Amino acid sequence: LVEEADLELLAQAGKPVPLARRYLFKVNDRKGVSEKPKITGADILTATQFIPPENFTLSMKQRKQWVPVKLKEIVDLRQPGIEIFRANPKDATDGSP
């Protein structure tokens, strides 16, 4: 058990993610932390201040390709190769700003 596991650094080094007290991840340029290895897409967005999460789409870069993540989908932060997450605002379709 280690204190912190930085997903981006571990993925870039090709190392597995160890069991940790805290998992550090990045969404766009914002850093987030989770004390649990399994969290939802909505939790990832909330931890990095993309609020409300319903206004964003989320994807994760895993092994050099982008994979969409749904808000209620559970992401295991210990799975190999997760490097970074990306949030994009959903387009407004009702004409509101």
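Every value quoted in this text rests on a predicted model; they were computed, and no experiment measured them.

Engineer: Account for the nonpolar core, naming residues and giving values.
Structural biologist: Formed by 21 residues in total, the largest nonpolar core has its most connected members in Phe 25, Val 27, Ile 44, Leu 58, Val 75, Leu 77 and Phe 85. Contributions of two or more residues to this core are made by helix 1 (7-13), strand 2 (20-27), helix 2 (41-47), strand 5 (56-62) and strand 8 (82-89). The element contributing the most residues to this core is strand 2, with 4 residues. Apart from the residues within four sequence positions on either side, Phe 85 is in contact with Phe 25, Lys 26, Val 27, Asn 28, Ile 44, Leu 58, Ser 59, Met 60, Trp 66, Val 75 and Leu 77.

Engineer: Could you give me a rundown of unusual backbone geometry, with the residues and numbers involved?
Structural biologist: Residue Pro 52 follows Ile 51 across a cis peptide bond; omega there is -5°. Phi at Asn 28 is positive, roughly 55°, even though this residue is not glycine. Within the fold, Asn 28 resides in the loop between strand 2 and strand 3 (30-34). The phi torsion at Arg 63 lies on the positive side, around 55°, for a residue other than glycine.

Engineer: Kindly report on the pattern of salt bridges, identifying the contributing residues and their values.
Structural biologist: The final tally for this structure, using the stated rule, is 4 salt bridges. With a closest N to O distance of 3.4 Å, Glu 3 and Arg 22 form a salt bridge. Residue Glu 3 is located in strand 1 (residues 2-6), and its partner Arg 22 is located in strand 2; the two are separated by 19 residues in the primary sequence. With a shortest N-O distance of 3.3 Å, Arg 22 and Glu 4 are connected by a salt bridge. Residue Arg 22 is found in strand 2, and its partner Glu 4 is found in strand 1; the two are separated by 18 residues along the sequence. Judged by relative accessible area, which is 25%, Arg 22 ranks as partly exposed. Salt bridges sharing partners connect three or more residues here, namely Glu 3, Glu 4, Arg 21 and Arg 22.

Engineer: Give a detailed account of the environment of Gly 81, specifying residues and quantitative values.
Structural biologist: On the secondary structure map, Gly 81 appears in the loop between strand 7 (74-76) and strand 8. In this structure the C-alpha to C-alpha distance between Gly 81 and Gln 65, which are 16 residues apart in sequence, comes to 10.0 Å. Not counting residues up to four positions away in its chain, the partners in contact with Gly 81 are Ala 11, Lys 61, Gln 62 and Arg 63.

Engineer: Which residues make up the packing of aromatic side chains, and what values go with them?
Structural biologist: Centre distance and the angle of the planes are the two values used to describe a pair of aromatic rings. All told, the structure shown has 2 aromatic pairs when counted by the stated rule. Here Phe 25 and Phe 85 contribute two aromatic rings whose centre-to-centre distance is 5.9 Å and whose plane-to-plane angle is 80°, an arrangement assigned as edge-to-face. A residue pair is termed long-range when its members are at least 10 positions apart, and Phe 25 in strand 2 and Phe 85 in strand 8 qualify at 60 residues. We classify Phe 85 as buried; its relative accessible area is 1%. Lying over the aromatic face of Phe 50, Arg 30 brings its terminal NZ or CZ to 4.0 Å of the ring centre.

Engineer: Which residues make up the environment of Arg 78, and what values do they have?
Structural biologist: Turning to its location among the elements, Arg 78 is positioned in the loop between strand 7 and strand 8. Put simply, Arg 78 and Ala 5 are 73 residues apart on the chain and 9.2 Å apart in space, counted from C-alpha to C-alpha. Polar side-chain contacts of Arg 78 include one of 3.3 Å to the backbone oxygen of Val 17.

About the criteria used
- Residues numbered from 1 in each chain as written.
- Predicted model: local features only at pLDDT ≥ 70, side-chain atom pairs only at ≥ 80, totals over all residues.
- Heavy atoms only, no water.
- Core = buried A, V, L, I, M, F, W, Y, C linked by side-chain atoms within 4.5 Å.
- Buried < 20%, exposed > 50% of the residue type's maximum accessible area, 1.4 Å probe, protein only.
- Helix = DSSP H or I, 4+ residues; strand = E, 2+ residues; numbered from the N terminus.
- Contact = heavy atoms within 4.5 Å.
- Salt bridge = Lys/Arg side-chain N within 4 Å of Asp/Glu carboxyl O.
- Phe/Tyr/Trp six-rings, centres within 6.5 Å; stacked < 30°, edge-to-face > 60°.
- Lys NZ or Arg CZ within 6 Å of the ring centre and 35° of its normal.
- Polar contact = N/O pair within 3.5 Å; in protein donor to acceptor, adjacent residues only side chain to side chain.

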